[in-house]
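Report on the structure
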Amino acid sequence: MTARPPSRRTTPDPVPAPDTTDEPTAGAAVPDPPAPTGAETVVDTTAAAPAASSPRPPAPRAAAAAPARTAEQARPRAAQPKGGSRGVRAAPPLSAEDRGRLLGGAHHDPHGLLGAHPVRGGLLIRVLRPCARSVTVLAKGLSAGLHAEGDGLFAGVLPLRTIPEYELQVEYDDTTVTVRDPYRFLPALGELDLHLLAEGRHEQLWHALGARTMDHQGVTGTRFTLWAPNAQGVRVVGNFNYWDGTGHPMRSLGSSGVWELFLPAVGEGELYKFEITRPDGSHSVRADPMARRTECPPANASIVHETHYRWQDAEWMAGRAQRPVHEAPFSVYEVHLPSWRPGLTYRQLATQLPAYVKDLGFTHVELMPVAEHPFGGSWGYQVTGFFAPTARMGTPDDFRFLVDALHRAGIGVLMDWVPAHFPRDDWALAEFDGRPLYEPEDPARAAHPDWGTLEFDYGRTEVRNFLVANAVYWCEEFHIDGLRVDAVASMLYLDYSREDGDWTPNVNGGRENLDAVTFLQEMNATVYRRCPGVVTIAEESTAWNGVTRATHHVGPDGFGGLGFGLKWNMGWMHDSLGYVSKEPVHRKYHHGEMTFSMVYAYSENYVLPISHDEVVHGKRSLVSKMPGDWWQQRATHRAYLGFMWAHPGKQLLFMGQEFAQGAEWAESHGPDWWLLDPSYEAEPDHRGVRDLVRELNRGYAALPALWERDTDPAGFSWIDGDAGEDNVFSFLRFAADGSPLISVTNFSPVVRHAYRLGVPDHIPAWREALNTDEPRYGGSGIANPDPLKAEPTPWNGRATSVTAVLPPLATVWFRPA
């Protein structure tokens, strides 16, 4: 992954708002006004308020302020309220400190200064409306103009004993709008939410933080909430206020670090960000870390969003937990959605991807990170919008449509999830509220040494909660069936990619990141508890003990298991690719690299991954790794896949490798689909490999011996693991009921006639179940057309044996005849 410079967003043009003819809401009874004095303005309660049946003139959206004006234009035109009002007294002025902090966006309690507050002798109402000429309070039977206090502040003491349900009529140079006052509402975030946030156990955090549309105190609008404990103040900015947050400061909810503001009439589709006043008094405009929808990059504003999708995958969801994943068929097609078929939207992909994957027989797709990311060249691994599917291909509901379509085709959906690090873009998480917040305070500890990004502070309660809830979010809100967790090794070790002296040992003097261990255990335990049938998969490249062990089982290293369901077998991937890349004449010297995987095959629950990482950055595509001419390359490619599908563990293959694409993958154009064009001369070569992948998956699903006992040593037995001189690997796989399958791979380019193999003595005959050398796959057609009869000839330590013909550079499966 490659770091990118911070993104630059363009402030969107304001969107015209619909007209409104809403009338003021009825409020409390208005008492008779006291007799006016010389210092008072008069409130006219008989003619000022409009009749209930009289429509108001058209106005912009209720929450919008007028366009910015010069300082001269913004000065109040008069010190007295407009119209024939009677009884509105001037309010006591704000202190210089409160006024300065409020106008500067650094006040923790704007609701204590703005809105309606009972005072001696009446009701004080103060409003902050930058650029307004006048503000009039409207309620049932009431129209009262407020005094201008300068800088957009308007206030007055009304002769009322109770707070009515009032509105504000705000006059600008070129328009007049009627709005509800955001500062007359109680907090829209409950005490239970704040309690769970403080404990770091809010497992549905997206319901508490971010932007949520709702009805609050009988009014429809959007509640904005943000965790920013180091901020002096926070204001909401968006297209609804022309990206000027002066009039929309948020309040701090006690010591929680959470800021909140309910904005009436702001609804779905509105763009927004948060303007944060940092501890040093400077300002920073940030996207919402909890945004569930974002603009399409390079724009980066958050979007108010609610889902309206109706799922149709109830049957899939009800059945996915019936069988443990490590005892079930599990073959994965890894996909980079933006480049699988470049230019397609989520909904267009839904008409093609499920059909393609189902035809090839894969049980699951794994989607490279779909969370929003600013730089396409990171392939999604540098996330800025952890709760938002990338807008490059559509809306969040469009992504739900794709997942739903895959489920209805009988295909599970895994997604890459990236809790290891995040980019440094100055509108995203880095030093979010002016100090390190999501990252550790120590800059050396925070900096990820490989990718120029920042690591998460797993020891901070709120950060751990953010990530755990994010894992749950994708599973619950998008019906994701599994999370492949990226770069786990970089999380587990304090010295990962660091030299001596560049890292600090843990409290026990070790190199383990104890906070990361605790986080991964909590994440896995929470996901498995809340989301039955979901599997978590670790990309962990070291020999950490207990990656797929239960969290409550303590291992010899003193740690409980990390709690993952599966782990990528990076050792098998490295060793096996190293072996097949050698010329056949040299393979006998590397034979042990292919058999070594069985030494540790049952130490974890493994996936065998031929992923995107193995076919980029000069590593060449899978078929191009193979030596020899084009025929030998394809033959070795096919033999390798046959060996892989028979080896204990689940399978994963990256897109393009299923039809032996010769070029490395590039996100700019995706797989070379033109290789499958019938007009291309070599099309049969590529189509043959794809046909083999289809048959591998079909045979795999039909043969429980290949998956039922993947994690049980009794499910595997070598026939001959030491045939290095022959470049042959032969072994038995067993189903739960003992049904056997033989897999034999000949990684030499010569035909081996009458090759003897020791077999179980209770099976009288064997027949081919799959042969990667069949002509329809592009092979030479060497086969065993007749059943192989067992003979009482001891071989390979068994009492009976068979003789078979082994095709060149091929894998053959045999099953009982």
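Residues numbered from 1 in each chain as written. Predicted model: local features only at pLDDT ≥ 70, side-chain atom pairs only at ≥ 80, totals over all residues. Heavy atoms only, no water.

Re helix α11 (residues 514–530)
Under the 1.5 Å per step criterion, the end-to-end length of α11 is 24 Å for 17 residues, consistent within 8% with the ideal 24 Å. Along α11, the residues that are buried comprise Ala-516, Val-517, Phe-519, Leu-520, Gln-521, Glu-522, Met-523, Asn-524, Thr-526 and Val-527. Buried-residue contacts for α11 involve β23 (412–417), α9 (461–477), β26 (482–485), α10 (488–492) and β27 (535–538). Put simply, Asn-513 is the residue that caps the front of α11, since its side-chain oxygen is 3.2 Å from the backbone nitrogen of Asp-515. (Helix = DSSP H or I, 4+ residues; strand = E, 2+ residues; numbered from the N terminus. Expected span 1.5 Å × (residues − 1). Buried < 20%, exposed > 50% of the residue type's maximum accessible area, 1.4 Å probe, protein only. Contact = heavy atoms within 4.5 Å. Polar contact = N/O pair within 3.5 Å; in protein donor to acceptor, adjacent residues only side chain to side chain.)

What about the confidence of the model for the protein?
Residues of the protein with pLDDT of at least 70 account for 89%, and the chain-wide mean is 90. Every residue in residues 1–84 is under pLDDT 50, and counting partners more than four places away or in other chains gives 169 contacts. (pLDDT = per-residue confidence, 0-100.)

Considerations on the packing of aromatic side chains
Using the criterion set out here, one finds 48 aromatic pairs in the structure. Measuring from ring centre to ring centre gives 5.5 Å for Tyr-579 and Phe-729, while their planes differ by 80°; the resulting arrangement is edge-to-face. Of the two residues, Tyr-579 sits in helix α12 (residues 570–580) while Phe-729 sits in strand β32 (residues 728–734), which places them 150 residues apart along the sequence. Here the two residues Tyr-579 and Phe-729 agree in accessibility, since each one is buried. For Arg-341, the ring lying beneath its charged end belongs to Trp-340, and the centroid distance is 4.7 Å. (Phe/Tyr/Trp six-rings, centres within 6.5 Å; stacked < 30°, edge-to-face > 60°. Lys NZ or Arg CZ within 6 Å of the ring centre and 35° of its normal.)

Details of the sheet that holds strand β38 (residues 810–816)
Strand order in this open sheet of six strands is β31-β32-β33-β38-β35-β36, and the pairing throughout is antiparallel. Only two strands of the sheet have a single neighbouring strand rather than two, namely β31 (716–720) and β36 (788–789). Two strands pair when backbone bridges link them, and strand β33 (residues 740–746) and β38 are joined in this way by five bridges, in the antiparallel orientation. Directly across from Ser-743, in β38, lies its bridge partner Trp-813. Against the sheet, helix α16 (residues 630–646) engages β32, β33 and β38, with an angle of about 40° to β38. (Pairing = 2+ DSSP bridges. Axes fitted to C-alpha atoms, helices over the stretch in contact; angles between N-to-C directions.)

Brief notes about the sheet that holds strand β12 (residues 219–227)
Reading across the sheet, the four strands line up as β11-β12-β15-β14 and stay open at both edges, with antiparallel pairing between neighbours. Looking at strand neighbours, the two that pair on one side only are β11 (210–216) and β14 (251–252), the edges of this open sheet. Of the pairings in the sheet, the one linking β12 to strand β15 (residues 258–264) comprises seven bridges and is antiparallel in character. Each bridged residue has a counterpart across the sheet, and for Thr-225 the counterpart in β15 is Glu-260.

Re the side chain of Ser-624
Within the secondary structure layout, Ser-624 lies in helix α15 (residues 622–625). Ser-624 gets classed as buried once you look at its relative accessible area, which sits at 18%. A distance of 3.0 Å separates the side chain of Ser-624 from the side chain of Ser-621, its partner in a polar contact. Here Ser-624 is in contact with Gln-633 and Gly-662, once residues within four sequence places are set aside.

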